[in-house]
Amino acid sequence: MIKNLLQEGFALKDRGHYKHAIEVFYKALEEDNTSTELLFEIADLYYRMQNEERALNYIEQILDRVPEHITALKLLEKIFIDRNALAEAEQTAKNIYCVSHNSNDLAQIFRLLNMQGRFDEIFEYNVENPNSSIYFEQAKALFYKKEFAKAQELLEKAIAEELGNQDILLLLGQVYYAQGKKDLCLELAAKISENDFPQKYEIPAPNLNRASVEHTYHKGLEKQGRIFPPLLYFINIFIILPICILSRATQCMQSGIIILRFL
């Protein structure tokens, strides 16, 4: 019986029928009220329905039973970030890392330190197994500290591990630009073009102009928390314009989109 309820609940969740899925998981919980995984599914569904208070109630029940429940801790961290409670999110991220010892979880601590402007603290950690995410967050801190050469070194290590990562490429472009390396900026624009960068953020048409491109592109990045203030000029001059004019001109014309007003 409970197996069938679980299958039904997950199927409803996958289809986005969160309210009905919760009802089914409640029924399953009546048969197994010791299951922290069922409690987590209910918490996650409430979170997806933007009912954070109910989600927190179930997260609390989980952590009372299993304080090291990583998926519940990660959901708690998301809620803290949503509420801009960055100190609480940071502490939760540290609790997660104490359990997982995973490099990506350490990178998340660094990300939260960056978000709070506490750049020096990132370099107080002894990093045994750095990966591209750690290099990226360390480089971001160095960028804000205006230590551009060191930031470039770390970003090049990150790119060697994760070719084509657009977050890394964008920050690397900003580092190049801050050092006046405009030729490298243009080379980077070509790499981003190869990764179909403009297709991810649709450019409005017709009547394209610099302001509309800037607005659309920035909205896409802001939603992901990825924008760096000085990147505005770099994006417009060294990425958006060359890519749209050179790389996508044929496609745009075939689609009946005429790009005339960038300059």
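Residues numbered from 1 in each chain as written. Predicted model: local features only at pLDDT ≥ 70, side-chain atom pairs only at ≥ 80, totals over all residues. Heavy atoms only, no water.

**A short note on helix α5 (residues 70–82)**
Across its 13 residues, α5 extends 18 Å between first and last C-alpha, which sits within 8% of the 18 Å expected from 1.5 Å per residue. Restricting attention to buried positions, one finds in α5 the residues A72, L73, L75, L76, E77 and I79. Taken together, the buried residues of α5 touch α3 (36–48), α4 (52–65), α6 (86–100) and α7 (103–115). Residue N84 follows α5 closely and has a positive phi angle near 60°. (Helix = DSSP H or I, 4+ residues; strand = E, 2+ residues; numbered from the N terminus. Expected span 1.5 Å × (residues − 1). Buried < 20%, exposed > 50% of the residue type's maximum accessible area, 1.4 Å probe, protein only. Contact = heavy atoms within 4.5 Å.)

**Details of helix α1 (residues 2–14)**
Look at α1: 18 Å from first C-alpha to last across 13 residues, which is about the 18 Å you get at 1.5 Å a residue. Looking at α1, one finds that the buried residues are L5, G9, L12 and K13. With its buried residues spanning 100° around the axis, α1 presents them on a single face. Opposite the buried face of α1, at more than 90 degrees from it, the exposed residues are K3, N4 and D14. As for α1, its buried residues are in contact with α2 (18–31) and α3. Just downstream of α1 lies G16, where phi reads positive at about 85°. (Arc of directions from axis to C-beta.)

**What to know about the packing of aromatic side chains**
Tallying each qualifying case throughout the model produces seven aromatic pairs. When the centroid spacing of 6.4 Å and the interplanar angle of 50° are considered together, the rings of Y26 and Y58 count as tilted. Placement of the pair is Y26 in helix α2 and Y58 in helix α4, with a sequence separation of 32 residues. Taking the relative accessible area as the measure of exposure, Y58 reaches 9% and is therefore buried. (Phe/Tyr/Trp six-rings, centres within 6.5 Å; stacked < 30°, edge-to-face > 60°.)

**Brief notes about unusual backbone geometry**
Look at N84: it is not a glycine, yet its phi comes out positive at around 60°. Within the fold, N84 resides in the loop between α5 and α6. In this structure, H101 is a non-glycine residue whose phi angle is positive, near 55°. Inspection of the secondary structure assignment puts H101 in the loop between α6 and α7.

**With respect to the confidence of the model for the chain**
Close inspection of predicted coordinates is inappropriate in any region flagged by low pLDDT. Taken over all residues, the pLDDT of the chain has a mean of 80, while the share at 70 or more is 72%. Taken element by element, the predicted model of the chain shows its lowest mean pLDDT in helix α16 (residues 249–254) (42) and its highest in helix α8 (residues 119–122) (98). This stretch, residues 197–232, has a pLDDT under 50; its non-local contacts, to residues over four places away or in other chains, come to 65 contacts. Segment residues 241–263: pLDDT under 50, and 38 contacts once partners within four positions in sequence are set aside and those in other chains are kept. (pLDDT = per-residue confidence, 0-100.)

**Quick look at the nonpolar core**
Formed by 27 residues in total, the largest nonpolar core has its most connected members in F25, I42, Y46, Y58, I59, L63 and L75. Listing elements by their share of this core, those giving two or more residues are α1, α2, α3, α4 and α5. With eight residues, the single largest contributor to this core is α3. What L75 contacts, discounting residues up to four positions off in sequence, is F40, A43, D44, Y47 and I59. Listed in part, the 19 residues of the second largest apolar core include F136, L142, L171 and C185. (Core = buried A, V, L, I, M, F, W, Y, C linked by side-chain atoms within 4.5 Å.)

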